[in-house]
Amino acid sequence: MGSLKLHFSQLGFHQNLHMIRYSPPSPIASSARTTKTRSLQICCGLRRAGARKPLWRSRVLTTEAIQAVQSLKLARSSHKLEDVFNSRISRLLKADLLDTLAELKRQNEVDLALKVFEYVRKEVWYEPDQSLYCNMIQMLGENKLIELAEELFSELEKEGLKPDTRAFTEMIGVYINLGMIEKAVERYGAMKMSGCVPDKLTFAILIRGLEKAGKEDLAATVKKECDEYLEDPEKFLKEIERKYAAKKKSYFV
């Protein structure tokens, strides 16, 4: 397993501590946690029927997961993170550990989420999971941490995974968000070369990004390729134009 070298001191920002407000769960919520049937939120690109479900899932946080998030955020200010990992994080069940990671991502606690992600990858039950990587890349892209996002993307193959449609799309979105148009187009080309099929989200991000950057010719070329990959490209492009026009209108109001 490749080791991801993350330098948190280089993240370039400090985040304020936010205490999590926790209310005792209702009987309904408690019952939802204890039942064996859980609803899974699958966020991924191309998946074959019967494929292993992703580690990342959405559910009601347990008290243990909530306290773990609190402890990590408090320990960061007192430089006792290692103690928290040894005393509290190490005792979490698999589901609670993954929920802790998901909650840190939701709160945009980037440095803590990265540390917990590395901890997860060292667990004995861990198996390389594409959706887990995609969620982390998405978080890094939203915070414009391009080098770390690229490093995670490259770690996919080191983990024995082949980047899927969503993984490529997340990276395209990262580049578009940073105005790195050439990189976005290059990644789009690599995506097609790898055999991954661009989906509606891929085209929406790329087309709107190219048009916003004034790259009308490139945008027109990508629009033509919608005919090859989408079932109803004309309807899709009209919807993109409608949404983009609505956003431009609201911006100037």
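Below or above, wherever it landed, is the structure these notes cover. Quick caveat: nothing in here was measured; it's all calculated off a predicted structure. (Residues numbered from 1 in each chain as written. Predicted model: local features only at pLDDT ≥ 70, side-chain atom pairs only at ≥ 80, totals over all residues. Heavy atoms only, no water.)

Some words on the packing of helix 10 (residues 200-212) against helix 11 (residues 216-229)
Geometry of a packed helix pair, given as the angle between the helix axes and the separation of the axes. Definition in use: All axes here are fitted lines through C-alpha atoms, helices being fitted over the stretch that makes contact, and every angle between N-to-C directions spans 0 to 180 degrees. Helix numbering and strand numbering both begin at the N terminus, where a helix is a DSSP run of H or I of at least 4 residues and a strand a DSSP run of E of at least 2. Roughly parallel means an angle under 35 degrees; roughly antiparallel, over 145; roughly perpendicular, 65 to 115; everything else is oblique. Two helices crossing with the near one rotated counterclockwise from the far one by less than a right angle form a left-handed crossing, whereas a clockwise rotation gives a right-handed crossing. Two residues form a contact once any of their heavy atoms are found within 4.5 Å. In this count, Pro and Cys sit with the nonpolar residues alongside Ala, Val, Leu, Ile, Met, Phe, Trp and Tyr, while Asp, Glu, Lys and Arg are called charged and the others, Gly among them, polar.
Contact geometry of helix 10 with helix 11 gives a least axis separation of 8 Å together with a crossing angle of 160°. The angle between the axes of helix 10 and helix 11 places the two elements in the roughly antiparallel class. As helix 10 packs across helix 11, the resulting crossing turns out to be left-handed. Contacts between helix 10 and helix 11 involve Phe203, Leu206, Ile207, Leu210 and Glu211 from the first element and Glu216, Leu218, Ala219, Val222, Lys223, Glu225, Cys226 and Tyr229 from the second. Grouping the constituent residues of the contact of helix 10 with helix 11 by class yields nine nonpolar, no polar and four charged.

Here's the deal with helix 4 (residues 94-106)
What counts is decided by this rule: In this scheme, a helix's expected span is set at 1.5 Å multiplied by one less than its residue total. Exposure classes here rest on a 1.4 Å probe applied to the protein chains alone. A residue is buried below 20% of its type maximum, exposed above 50%, and partly exposed in between.
If you check helix 4, its first and last C-alpha atoms are 18 Å apart, about what 13 residues at 1.5 Å a residue would give, namely 18 Å. With 11 of 13 residues buried, helix 4 lies mostly within the body of the structure. Restricting attention to buried positions, one finds in helix 4 the residues Ala95, Asp96, Leu97, Leu98, Asp99, Thr100, Leu101, Ala102, Glu103, Leu104 and Lys105. Each element contacted by the buried residues of helix 4 is listed here: helix 2 (63-78), helix 5 (110-121) and helix 6 (130-142). Two residues or fewer after helix 4 comes asparagine 108, characterised by a positive phi angle close to 60°.

So, the side chain of glutamate 170
As for its placement among the helices and strands, glutamate 170 is situated in helix 8 (residues 165-177). Judged by relative accessible area, glutamate 170 falls into the buried class, the value being 12%. For glutamate 170, the residues in contact, after removing those within four places along its chain, are Cys134, Ile137 and Gln138.

Focus: helix 5
Taking 1.5 Å of rise per residue, the 12 residues of helix 5 would be expected to cover 16 Å, and the 17 Å separating its terminal C-alpha atoms lies within 8% of that figure. Most of helix 5 sits inside the fold, with 10 of its 12 residues counted as buried. Along helix 5, the residues that are buried comprise Val110, Asp111, Leu112, Ala113, Leu114, Val116, Phe117, Glu118, Val120 and Arg121.

So, the nonpolar core
The following threshold applies: Side-chain atoms within 4.5 Å link the members of a nonpolar core, which is a set of buried Ala, Val, Leu, Ile, Met, Phe, Trp, Tyr and Cys residues.
Leu72, Leu140 and Phe236 are the most contacted members of the largest nonpolar core, which totals 60 residues. Ignoring anything within four residues of it in the chain, the contact list for leucine 140 reads Val110, Leu114, Leu145, Leu148, Ala149 and Leu152.

Details of the packing of aromatic side chains
Condition: Pairing of aromatic side chains requires ring centres within 6.5 Å, counting the rings of Phe and Tyr and the six-membered ring of Trp. Pairs whose planes differ by under 30 degrees are stacked, by over 60 edge-to-face, and all others tilted.
In this structure the tally under the stated criterion is five aromatic pairs. Geometrically, the ring pair formed by phenylalanine 117 and tyrosine 133 is edge-to-face, given 5.4 Å between the ring centres and 90° between the ring planes. Highlighted residues: phenylalanine 117 in helix 5 and tyrosine 133 in helix 6, separated in sequence by 16 residues. The same class applies to phenylalanine 117 and to tyrosine 133, which are both buried. Consider the rings of phenylalanine 203 and tyrosine 229, whose centres lie 6.1 Å apart with planes at 40°: the pair is tilted.

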